[in-house]
Amino acid sequence: MSSVTASCTSRPAGRPQACATASVLDRFGQITPKVLIATDGYWYAGKRIDTRATVQQLAAKLPGLAAVIGVGDLPGSISWQALTAETAPLEFAALPFY
């Protein structure tokens, strides 16, 4: 994987697993995310809940989304394992607060 340089201002925003796609779009549409970190599913009451279709719907409907980072098997995403595989030291810079 090539070296990645990024400058970002983050607004962490999470949604409970049971939220409908429409409510997630309403919330995330307000903050216009550039990156979506998502998983392919979760376990609830002993059952596996697959979220791949929901993540694909969200990614398709979020304007300005630059990347989807996937934990697990999310087609078309950058895998979390690949993203964190680089061993180069992190470099930090002080940036103005807006």
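Residues numbered from 1 in each chain as written. Predicted model: local features only at pLDDT ≥ 70, side-chain atom pairs only at ≥ 80, totals over all residues. Heavy atoms only, no water.

Topic: the sheet that holds strand 5 (residues 78-79)
Right, so step 1: Here three strands make up an open sheet; going across it, the order is 1-4-5 and the pairing parallel. The open sheet has two free edges, formed respectively by strand 1 (35-39) and strand 5, since each of these has just one partner strand.
Right, so step 2: Bridge count for strand 4 (residues 67-71) against strand 5 is two bridges, and the pairing is parallel. The partner of Gly70 across the bridge, within strand 5, is Ser79.
Right, so step 3: Against the sheet, helix 2 (residues 52-61) contacts strand 1 and strand 4, and its axis sits at roughly 170 degrees relative to strand 1. (Pairing = 2+ DSSP bridges. Helix = DSSP H or I, 4+ residues; strand = E, 2+ residues; numbered from the N terminus. Contact = heavy atoms within 4.5 Å. Axes fitted to C-alpha atoms, helices over the stretch in contact; angles between N-to-C directions.)

Quick notes on helix 1 (residues 21-31)
Right, so step 1: Residues of helix 1 that are buried include every one of Thr21, Val24, Leu25, Phe28 and Ile31, and no others. The buried residues of helix 1 occupy an angular sector of 125 degrees when the element is viewed end-on, so they sit on one face. Of the exposed residues in helix 1, those oriented more than 90 degrees away from the buried face are Ala22, Asp26 and Gln30.
Right, so step 2: Elements in contact with the buried residues of helix 1: strand 1 and helix 2.
Right, so step 3: Downstream of helix 1 by one or two residues, Thr32 has phi in the positive range, about 40 degrees. (Buried < 20%, exposed > 50% of the residue type's maximum accessible area, 1.4 Å probe, protein only. Arc of directions from axis to C-beta.)

Considerations on the pairing of strand 4
Right, so step 1: In terms of residue burial, strand 4 counts as a mostly covered element, since four of its five residues are buried.
Right, so step 2: Where strand 1 lies against strand 4, five bridges are found, and the strand directions are parallel. Bridging from a neighbouring strand, Leu36 pairs with Val68 of strand 4.

Observations concerning the pattern of salt bridges
Right, so step 1: Evaluated as defined, the whole model comprises three salt bridges.
Right, so step 2: Between Asp40 and Arg48 there is a salt bridge; the shortest N-O distance is 3.0 Å.
Right, so step 3: Between Arg52 and Asp73 there is a salt bridge, with the nearest N and O atoms lying 3.5 Å from each other. Of this pair, Arg52 sits in helix 2 while Asp73 is found in the loop between strand 4 and strand 5, placing the two residues 21 residues apart along the sequence.
Right, so step 4: Where salt bridges share partners, they join Asp50, Arg52 and Asp73 into one cluster. (Salt bridge = Lys/Arg side-chain N within 4 Å of Asp/Glu carboxyl O.)

The analysis is restricted to geometry; functional conclusions fall outside its scope.
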